[in-house]
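# Inside the fold
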Amino acid sequence: MESPSESNLSSELEIIYHQLEKELTRLNPGCNRCGTCCDFSAFDHILYASSIEINFITWNVEVPDFNVSDNICPFLKNNQCSIRDFRTLGCRVFYCNPHYKEVLNEVYEKYYQMIKDLSRKYDTQWEYLPFLHKLAEFKLKTAVAG
Ligand code: SF4
Ligand code: SF4
């Protein structure tokens, strides 16, 4: 359950994601949603995410049991992202089309800064760490608390 301040933070993060989606739609780098890039070993890729984005996910969806060493996002179901509305900036901005690499890096930096400013505004602890490790840490904490 979110506190009122967490709820406001969530709403502002949703606005940022919405603005990002509009910008990406305009750019249109192309994606057939094959889900391959959510298998991080297949893409030799480490997905990073901020603490507020991970909180946003855990406030809204259940994190399934998973094994970090598999290096596959636990939200990937039948090759589809099962949490599209809540997925991170890194998920949203990643496209495998090499022609868009530079422009997408710029988009990423811009929205990263906006999310960081949001964290500052709400005085939350800022961390930007590998997504799977942070999710595993969350699972461990909730198992100990529960
Ligand atoms: S949250 Fe969704 S888009 Fe992001 S890595 Fe996981 S399955 Fe892929
Ligand atoms: S970005 Fe590429 S690899 Fe990832 S889902 Fe889209 S088409 Fe597949």
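Residues numbered from 1 in each chain as written. Chains lettered and ligands numbered in written order. Predicted model: local features only at pLDDT ≥ 70, side-chain atom pairs only at ≥ 80, totals over all residues. Heavy atoms only, no water.

As recorded in an unreviewed UniProt entry, the chain goes by YkgJ family cysteine cluster protein and comes from Candidatus Brocadia sinica JPN1.

Contacts to ligand 1 come from C38, F40, L47, C73, F75, L76, C81, I83, R87 and C91. Assessed atom by atom at 2 Å from the grid points, ligand 1 resides in the largest pocket. Taken together, the residues that form the shell around ligand 1 break down as nine nonpolar, no polar and one charged. (Near = heavy atom within 4 Å. 1 Å grid on protein atoms, 1.4 Å probe; cavity = no way out; pocket = protein on both sides within 12 Å on 5 of 7 lines; lining within 4 Å. Sits in = over half its atoms within 2 Å of the grid points. Nonpolar A, V, L, I, M, F, W, Y, C, P; charged D, E, K, R; others polar.)

A separate point is the nonpolar core. Counting residues in each nonpolar core, the largest one holds 33 residues, and the members touching the most others are L20, I57, F75, L89, I115, L118 and F131. Taken together, the elements giving at least two residues each to this core come down to helix 1 (4-27), helix 2 (51-60), helix 3 (89-93), helix 4 (101-121) and helix 5 (131-145). L89 has contacts with Y17, L20, E53, Y108, Y111, Y112, I115 and Y128, leaving out every residue within four places of it along the chain. (Core = buried A, V, L, I, M, F, W, Y, C linked by side-chain atoms within 4.5 Å. Buried < 20%, exposed > 50% of the residue type's maximum accessible area, 1.4 Å probe, protein only. Helix = DSSP H or I, 4+ residues; strand = E, 2+ residues; numbered from the N terminus. Contact = heavy atoms within 4.5 Å.)

A word on the layout of surface pockets. Of the voids in this model, the largest pocket is the one considered here, and its volume is about 720 Å³. Together, 34 residues line the largest pocket, and C31, R84, R87, C91 and F94 are the ones closest to its centre. Breaking the lining of the largest pocket down by element, the ones donating at least two residues are helix 1, strand 3 (80-81) and helix 3. Here the lining of the largest pocket is composed, by residue class, of 19 nonpolar, ten polar and five charged. Surrounding the second largest pocket, 18 residues form its lining, V93, F94, Y95, K101 and N105 being those nearest its centre. (Points joined across faces, edges and corners; volume = space filled by probe spheres on them.)

This part is about the packing of aromatic side chains. This structure, assessed with the given rule, holds eight aromatic pairs. Seen in terms of ring centroids, Y112 and Y128 are 4.8 Å apart; in terms of plane orientation they differ by 85°. Their pairing is edge-to-face. Remark: Y128 occurs in strand 4 (residues 128-130) and Y112 occurs in helix 4; sequence separation between them is 16 residues. Of the two residues, Y112 and Y128, neither departs from the other in class, the shared state being buried. Ring pairing ties together the aromatic residues Y48, Y108, Y112, W126 and Y128, which thus form one cluster. The ring of Y17 has R92 lying over it, and the distance from NZ or CZ to the ring centre is 3.7 Å. (Phe/Tyr/Trp six-rings, centres within 6.5 Å; stacked < 30°, edge-to-face > 60°. Lys NZ or Arg CZ within 6 Å of the ring centre and 35° of its normal.)

Another aspect to go through is the site of ligand 2. All residues in the neighbourhood of ligand 2 are listed as C31, N32, R33, C34, G35, C37, F43, Y95 and C96. In a pocket analysis with a 2 Å cut-off to the grid points, ligand 2 is assigned to the largest pocket.

This part is about unusual backbone geometry. The phi torsion at N78 lies on the positive side, around 50°, for a residue other than glycine. The exposure class assigned to N78 is exposed, which follows from its relative accessible area of 74%. A positive phi angle is found at N79, which is not glycine, with a value near 65°. Inspection of the secondary structure puts N79 in the loop between strand 2 (76-77) and strand 3.

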